[in-house]
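# Structure assessment
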Amino acid sequence: ITDAEIIKKETFDSSVFFSLDFNNNDTYVALGNDRLTYFNSDGTKKWSYKFGKRTLSKADISNHDMMVLAFSATGGVINGNSTDIKVINRLGKVTSQKTYNGVIDDISLSNTSIALVFDKEIFVVNSNLKEKKILKTDYSIKKVALYDDNEHLFVLGKSSGEILK
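Conventions used here
Residues numbered from 1 in each chain as written. Predicted model: local features only at pLDDT ≥ 70, side-chain atom pairs only at ≥ 80, totals over all residues. Heavy atoms only, no water. Core = buried A, V, L, I, M, F, W, Y, C linked by side-chain atoms within 4.5 Å. Buried < 20%, exposed > 50% of the residue type's maximum accessible area, 1.4 Å probe, protein only. Helix = DSSP H or I, 4+ residues; strand = E, 2+ residues; numbered from the N terminus. Contact = heavy atoms within 4.5 Å. Phe/Tyr/Trp six-rings, centres within 6.5 Å; stacked < 30°, edge-to-face > 60°. Lys NZ or Arg CZ within 6 Å of the ring centre and 35° of its normal. Pairing = 2+ DSSP bridges. Axes fitted to C-alpha atoms, helices over the stretch in contact; angles between N-to-C directions.

### Some words on the nonpolar core
- Counting 15 residues, the largest nonpolar core has Ile85, Tyr100, Ile114 and Leu116 as the members making the most contacts within it.
- Counting residues per element, this core draws most heavily on strand S10 (residues 113–118), which supplies three residues.
- Other than its neighbours up to four places away in sequence, Tyr100 contacts Ser82, Thr83, Ile85, Leu116, Phe118, Phe123, Val125 and Leu129.
- Membership of the second largest hydrophobic core comes to 13 residues, among which are Val29, Trp47, Met67 and Leu69.

See the structure below:
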């Protein structure tokens, strides 16, 4: 940047950031290839959650009270693959974690619930990853959006969209 005044700058060696989310309480969350970083409104880094040698598969950082990270794992029942899910709170602490069989396709957050998509199934769970319900479809799910009422979901398949309850 040549003609703008830099107010605050943080540098992260070896990180490539690809997602940024701003929250109403004036906080920012940046997601990168090797870390999740939380910033105050003035750009000061509060914390970073480093991934270590784990490979990030999917994430949803839209709710700063519970951000969800999914990491590739091995040794699961289905095709030898599994997914490690971690819920991170606004203090940068892992509040819950669970391993699911299969490769995750999508994640969606609402105020208090999480939707996890594995091929033709959606696991709707709370912030402690306790199952509320499991929805099954007859098609592979590409994207899901969990409504704030925590009951309805908009589901996209390859060539269709449905609202499920």
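### Description of unusual backbone geometry
- In this model, Asp119 sits at a positive phi of 55 degrees, which is unusual for a non-glycine residue.
- Secondary-structure assignment places Asp119 in the loop between S10 and strand S11 (121–126).
- At Leu129, a position not held by glycine, the phi torsion is positive, near 65 degrees.
- You can see Leu129 is positioned in the loop between S11 and strand S12 (131–136).

### Comments concerning the packing of aromatic side chains
- Enumeration over the complete set of coordinates arrives at seven aromatic pairs.
- Ring centres of Phe22 and Tyr28 lie 4.9 Å apart, and the angle between their planes is 45 degrees; on these two criteria the pair is classed as tilted.
- Consider the rings of Phe51 and Phe71, whose centres lie 5.2 Å apart with planes at 70 degrees: the pair is edge-to-face. Of this pair, Phe51 sits in the loop between strand S4 (45–50) and strand S5 (56–60) while Phe71 sits in strand S6 (residues 67–74); the two residues are 20 residues apart in sequence, bridging distant segments of the chain. One exposure class covers both Phe51 and Phe71, and it is buried.
- Taken together, Tyr49, Phe51 and Phe71 form an aromatic cluster joined through their ring pairs.
- The side chain of Arg54 reaches across the aromatic face of Phe71, ending 4.6 Å from its centre.

### Observations regarding the sheet that holds S12
- Strand order in the open sheet formed by four strands is S9-S10-S11-S12, and the pairing between neighbours is antiparallel. One side of each edge strand has no neighbouring strand; the edge strands of this open sheet are strand S9 (106–109) and S12. The mean angle between the axes of side-by-side strands here comes to 15 degrees, regardless of whether they run parallel or antiparallel.
- Taken together, the five bridges between S11 and S12 define a ladder with antiparallel strand orientation.

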